[in-house]
Amino acid sequence: MAKICAVVSRKGGVGKSTIAYEVAQCLGAVLVDLEWDGGSVSRAWGYRAEERARDVLMAAIEHDRAPRPLTGFRKPDLVPGSPELVDVGLDPEAWADLLTTWAGEWGREWVVIDTHPGASASTHGAMAAANVVLVPTGLRTRDLDAVEQIVAEAADYPMVVVPNMVPRIPPAPEIKRLGAMVHGTPVRVGVPIPHVSKIATRKRRMAMSAEDPTPRALEDAVDGYRRLAELVKEYGA
Ligand SMILES: Nc1ncnc2c1ncn2[C@@H]1O[C@H](COP(=O)(O)OP(=O)(O)O)[C@@H](O)[C@H]1O
Ligand SMILES: [Mg+2]
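Residues numbered from 1 in each chain as written. Chains lettered and ligands numbered in written order. Predicted model: local features only at pLDDT ≥ 70, side-chain atom pairs only at ≥ 80, totals over all residues.

Draft legend 1. The overall build of the protein, seen in detail. For the protein, the helix and strand inventory stands at nine helices and seven strands. Taking contacts inside the protein between residues at least 6 apart in sequence as the whole, the part at least 24 apart equals 81%. (Helix = DSSP H or I, 4+ residues; strand = E, 2+ residues; numbered from the N terminus. Contact = placed C-beta atoms within 7 Å.)

As structure tokens, then:
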């Protein structure tokens, strides 16, 4: 049985797409992009929707068959996102069924789903289908407000909050707040990923965790992504 890891958050800019990309690479997973606007993981991968004759995701939904993931060098196999996802008209249950069926057909151990920020049918469907739900967050007030909300609403999901872009000296009050938020719930707090300024200006499409050798500036982040992938495997076992 294929397992699904969904990467979700109420907020954009918390590092969902970057984490989905790297964790997918580390797990040898198929990466499914369910974002429907510009700065998506598909673009980072090198996919240009405007150069393609047909929309892989929409064609799959229309013809009720699993899309065939695109393959690349030193980056995860990808089902690219589509701007038409915004009003595809499926409910969360239909999304969950679709994603579970596709995952079964790909015959991979893992599928990683990058989701659109905020609440939507596809995000809820991905969460419902997931064996592990990763929730990246900055250790900042607004980011933690959004985590508080998702923990309150979805604590029964197999959720792991991932402190992301963590500064060298982590802010103690925010860490304490995060601990208090998940206290008494099954929600776990996962492997922290350090803030690495090089990540935001990087132009390479290959996964950081697939670079050989790992550039020095990226070592700490790559170590984090690898440990996070191990946590996903353990938690989803
Ligand atoms: N660990 C990190 N350290 C520094 N910058 C990061 C890190 N992870 C992601 N970023 C940068 O933060 C921005 C938002 O990341 P992204 O993965 O696109 O978030 P989201 O998918 O939640 O909108 C991007 O510019 C990305 O390169
Ligand atoms: Mg994103």
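Draft legend 2. Geometry of the site of ligand 1. Surrounding ligand 1, one finds 16 residues, the nearest of these being Gly 15, Lys 16, Ser 17, Thr 18 and Ala 200. Put simply, the parts of the chain that give the shell around ligand 1 at least two residues each are helix H1 (16-27) and helix H8 (197-201). Here the shell around ligand 1 is built from residues that sort into seven nonpolar, eight polar and one charged. (Near = placed C-beta within 6 Å. Nonpolar A, V, L, I, M, F, W, Y, C, P; charged D, E, K, R; others polar.)

Draft legend 3. Spotlight on unusual backbone geometry. With omega at 0°, the peptide bond leading from Asp 212 into Pro 213 counts as cis. Mapped onto the secondary structure, Pro 213 falls in the loop between H8 and helix H9 (219-236). A positive phi angle, close to 55°, is found at Arg 74, a residue other than glycine. With respect to the helices, strands and loops of the structure, Arg 74 is situated in the loop between helix H3 (56-63) and strand S3 (77-79).

Draft legend 4. The environment of Leu 139, seen in detail. If you trace the backbone, Leu 139 turns up in the loop between strand S5 (132-137) and helix H6 (141-154). Its 21 C-beta neighbours within 10 Å are what place Leu 139 among the buried residues. Sequence-wise, Leu 139 and Ala 217 are 78 residues apart; in three dimensions their C-alpha atoms are separated by 21 Å. Leaving out residues up to four positions away in the same chain, Leu 139 has contacts with Pro 163, Val 166, Pro 170, Pro 171, Glu 174 and Ile 175. (Buried ≥ 20, exposed ≤ 12 C-beta atoms within 10 Å, placed from the backbone.)

Functional significance is not addressed by these values, which are geometric in nature.
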